[in-house]
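A structural walkthrough
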Amino acid sequence: MTTEGADVEIDGARVLVAGGTGVIGRAVAAELHRRGARLVLAGRDPSKLAGAAGDLGGCPVVRFDAYDLDGCADAVAEAAAALGGLDAVLTAFGAAAFGPARGTGDDIAEHLMAVNALAPAAFLRAALPLLGEGGALAAVTGVVAERPQPGMADYSASKAALAAWLDAVRREVRPVGVRVLDLRFGHLDTGFADRAVAGEPPRMPPGGDLELSARTAVDALAAGAARVRPGPDGAPVVEDRAR
C-alpha cells in the first residue's frame, strides 16, 4: 500500500475480508482477488469458508463468531500471521430485524448492536496497531446509517453506531496515514432481509447492481476515499476521494 495522498496499490495488498462468505463480502473479495490482492476470508461456517476460499485460489481462512469480541480480535491476529501483516481490513457482515420499535425486544436490540456495531469495531480496532501509513479500514454500514427507516429503528441505530465510530476513528488516524472507508450501499438483492432475526421485511425496491457495488468499493479503497453512497440514480458513488 502507498502513502497518504496517493492511490492505494491493490495489487499485492494484504486484505482481511470479515464476512467473506456473505453475498457482499464474497463479491468484494472476488474483485480484490481479480485485482491481485492477497486475501484472508473470515466467517462462521467452515463449509462456506472452504467454498469461498476455493473460488479465490485457496486463500487462507479464519473462523469467528460475532458474539465473541475477543475472537474477532484473534481472527485479525491470525490473518496477519497468515499473510505476514495486513494492509487493509474490511467487514461485511451483519444482522437485520424488522418491526415497530415498541415490539422489538431488548434481546433483539442487543443482538443487532453486537453483530452490526460492536463486532465490526472489534475487528477494525484490533487491526489499528497492525496498519502502517497507507493502510485502510473499511466496513459495510448501509444507507440506513444516515436514513433511518420506520420499522427498522434498532437495525438503523446499530448501523448508525458503526458509522459514527468510523467517522471518529477516521479523524484519529488521519495523521498517521490510515484511511477509513464507510460503505453505505443502498438496497442490494442479497437475501439478507429474508434472514432477519425478527419480523418480516417490508416490500423492497429492485436491488442495485452487486458487481458494480463491489467494483465501486474496491475503487474507493484504492482511492483512499471516506464513503460510498447511493447517487441520484441509486448507483454507488465514491465520495471524499483522497487528493
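Residues numbered from 1 in each chain as written. Predicted model: local features only at pLDDT ≥ 70, side-chain atom pairs only at ≥ 80, totals over all residues. Heavy atoms only, no water.

Digging into the side chain of R184
- For R184, the location among the structural elements is in the loop between β6 (179-183) and α6 (210-223).
- Overall, R184 belongs to the buried group, its relative accessible area being 5%.
- Leaving out residues up to four positions away in the same chain, R184 has contacts with T141, G142, V143, E146, A163, D167, R227, V228, R229 and P230. (Helix = DSSP H or I, 4+ residues; strand = E, 2+ residues; numbered from the N terminus. Buried < 20%, exposed > 50% of the residue type's maximum accessible area, 1.4 Å probe, protein only. Contact = heavy atoms within 4.5 Å.)

Some words on the sheet that holds strand β3 (residues 61-63)
- Read from one edge of the open sheet, eight strands run β3-β2-β1-β4-β5-β6-β7-β8, paired in mixed fashion. Both edges of this open sheet fall to β3 and β8 (236-239), since each of them pairs with a single strand only. Across the sheet, the axes of successive neighbouring strands diverge by a mean angle of 20°, strand direction being ignored.
- Two strands pair when backbone bridges link them, and strand β4 (residues 88-91) and strand β5 (residues 136-140) are joined in this way by four bridges, in the parallel orientation. Directly across from T91, in β5, lies its bridge partner A139.
- Sheet strands touched by α6: β5, β6, β7 (227-230) and β8. Its angle to β8, the strand with the most contacts, is close to 5°. (Pairing = 2+ DSSP bridges. Axes fitted to C-alpha atoms, helices over the stretch in contact; angles between N-to-C directions.)

Structural notes on the pairing of β5
- Of all five residues making up β5, five are buried, and the element is well covered by its neighbours.
- Handedness of the β-α-β unit built from β4, helix α4 (residues 106-127) and β5 comes out right-handed.
- Here β5 pairs with β6 via five bridges, running parallel. Along β6, the bridge assignment pairs L137 with V180.
- For the crossover that starts at β5, traverses helix α5 (residues 153-173) and ends in the parallel β6, the hand is right-handed. (Right-handed = clockwise from strand over helix to strand, strands pointing away.)

Focus on a nonpolar patch on the surface
- The grouping of L69, M113 and L118 at the surface amounts to a nonpolar patch, some 230 Å² of accessible area in total.
- Counting through the fold element by element, L69 comes out in helix α3 (residues 69-83).
- Residue classification places L69 among the partly exposed residues on the basis of a relative accessible area of 35%. (Patch = residues over 30% accessible without salt bridge, like charges linked within 9 Å, V, L, I, M, F, W, Y side chains within 5 Å. Areas by Shrake-Rupley, 256 points an atom, 1.4 Å probe, with all protein chains shown as cover. Salt bridge = Lys/Arg side-chain N within 4 Å of Asp/Glu carboxyl O.)

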